[in-house]
Amino acid sequence: MEISVNSLKNEKILVLGLSTTGFAAAKFLLRAGADCFLSDSKEYPKDPVEAQKAEILKNNGVKFEFGGHTEDFIKGSKFCILSPSIPPESDILALLDKLNIPYFSDLELSYLLKPENTEIVTITGTNGKTTTTMLTSHILGQKFFCSSCRKCWGFSVGLSLL
C-alpha cells in the first residue's frame, strides 16, 4: 500500500483503541488533514486522563464510537491503525477483512510514511528493550546526529513514532 502524508487529506481513516497508540495516531491523522474515526471496545473512559484525551480529540473533529465496533461506523475507511492490544483472532479484525479494510500498527504507518533514504532501527522482545534501545542510541549517537527531533536515538521509549 502506497501512503503519503498528502494522500491522507480528507480520507476516512479508522483508529482502533483510545490508549497511547490510538491517541497519538489520531493526533497525527488530524495534523495530516484526515477524517479520523476512533472506535474503542470499552465504554467512554471514566479515568479523567483518558476522558481528557477523548475530549481533546473530539474537540478537534475526531468521530467516536465507544462500547464496541459497528460495521456502519467502520465501513468506508481507507485503512485502520490498530492498538497493539487487539488480538489477531478478534472479531474486529475479521470484520475489517470482510470489509476489505487494510489494517496495521502505528509502527507500520511510521515506516510507510518515512522519507526515502531513512533508516529505522526497531527493537522488540519481552525483556531488555529499554536497555538495548539506550545502548543502541548511545552507539549510533556517536556517529550520527539528528537535529530534527528528540524521537531519534532512544528518546521514543514508550512513545508512538507518530
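Nothing here was measured: the structure is a model prediction, and the numbers come from that model. (Residues numbered from 1 in each chain as written. Predicted model: local features only at pLDDT ≥ 70, side-chain atom pairs only at ≥ 80, totals over all residues. Heavy atoms only, no water.)

Topic: the nonpolar core
Counting residues in hydrophobic clusters, the biggest one holds 23 residues, and the most contacted among them are Leu8, Leu29, Phe79 and Leu109. Every element with two or more residues in this core is listed here: β1 (12-16), α1 (20-31), β2 (35-40), α2 (48-59) and α5 (106-113). Counting residues per element, this core draws most heavily on α1, at five residues. Those residues in contact with leucine 29, other than ones at most four positions away along the chain, are Leu8, Ile13, Val15, Ala34 and Cys36. Formed by 13 residues, the second largest nonpolar core is a distinct cluster that contains Leu14, Ile74, Ile86 and Ile101. (Core = buried A, V, L, I, M, F, W, Y, C linked by side-chain atoms within 4.5 Å. Buried < 20%, exposed > 50% of the residue type's maximum accessible area, 1.4 Å probe, protein only. Helix = DSSP H or I, 4+ residues; strand = E, 2+ residues; numbered from the N terminus. Contact = heavy atoms within 4.5 Å.)

Quick notes on the side chain of serine 83
In this structure, serine 83 sits in the loop between β4 (80-82) and α4 (91-98). Accessibility expressed as a relative area gives 7% for serine 83, which makes it buried. Within the local environment of serine 83, its side chain forms a polar contact with the side chain of serine 85, the two groups lying 2.9 Å apart. Non-local contacts of serine 83, meaning those with residues more than four positions away in its chain, are made with Leu16, Gly17 and Ser19. (Polar contact = N/O pair within 3.5 Å; in protein donor to acceptor, adjacent residues only side chain to side chain.)

Describing the packing of aromatic side chains
One pass over the full model with this rule turns up four aromatic pairs. Centroid distance phenylalanine 37 to phenylalanine 73: 5.2 Å. Interplanar angle 65°. Geometry classified as edge-to-face. With phenylalanine 37 in strand β2 and phenylalanine 73 in helix α3 (residues 71-74), the pair connects residues that are 36 residues apart, well separated along the chain. Here phenylalanine 37 matches phenylalanine 73 in class, with each residue buried. Centre to centre, the rings of phenylalanine 79 and phenylalanine 104 are 5.1 Å apart; their planes meet at 25°, and the pair counts as stacked. Of this pair, phenylalanine 79 sits in the loop between α3 and β4 while phenylalanine 104 sits in strand β5 (residues 103-104), placing them 25 residues apart in sequence. The exposure class of phenylalanine 79 is buried, given its relative accessible area of 0%. A relative accessible area of 8% means that phenylalanine 104 is categorised as buried. (Phe/Tyr/Trp six-rings, centres within 6.5 Å; stacked < 30°, edge-to-face > 60°.)

Describing the layout of surface pockets
Of the voids in this model, the second largest pocket is the one considered here, and its volume is about 280 Å³. Gly17, Leu18, Asp40, Ser41 and Lys42 are, among the 18 residues lining the second largest pocket, the residues nearest its centre. Tallied by class, residues from the lining of the second largest pocket come to seven nonpolar, seven polar and four charged. (1 Å grid on protein atoms, 1.4 Å probe; cavity = no way out; pocket = protein on both sides within 12 Å on 5 of 7 lines; lining within 4 Å. Points joined across faces, edges and corners; volume = space filled by probe spheres on them. Nonpolar A, V, L, I, M, F, W, Y, C, P; charged D, E, K, R; others polar.)

Observations concerning the sheet that holds β1
Here five strands make up an open sheet; going across it, the order is β3-β2-β1-β4-β5 and the pairing parallel. Both outer strands of the open sheet, β3 (63-66) and β5, are each paired with one neighbouring strand and no more. Two elements, β2 and β3, share four bridges in a ladder whose sense is parallel. Within β3, the residue paired with serine 39 across the bridge is glutamate 65. The strands touched by α1 within the sheet are β1, β2 and β4, with β1 carrying the most contacts at an inclination of about 165°. (Pairing = 2+ DSSP bridges. Axes fitted to C-alpha atoms, helices over the stretch in contact; angles between N-to-C directions.)

As for the pattern of salt bridges
Scanning all chains against the criterion turns up four salt bridges. Linking glutamate 50 and lysine 53 is a salt bridge whose minimum nitrogen-to-oxygen distance equals 3.1 Å. Of the two residues, glutamate 50 and lysine 53 both sit in helix α2, three residues apart, roughly one turn of that helix. A relative accessible area of 22% places glutamate 50 in the partly exposed class. Classification of lysine 53 by relative accessible area gives buried; the value is 14%. Between glutamate 71 and lysine 98 there is a salt bridge whose closest N-O contact spans 3.1 Å. Of this pair, glutamate 71 sits in helix α3 while lysine 98 is found in helix α4, placing the two residues 27 residues apart along the sequence. On the basis of relative accessible area, glutamate 71 is assigned to the partly exposed category, the value being 33%. The class for lysine 98 is exposed, based on a relative accessible area of 55%. (Salt bridge = Lys/Arg side-chain N within 4 Å of Asp/Glu carboxyl O.)

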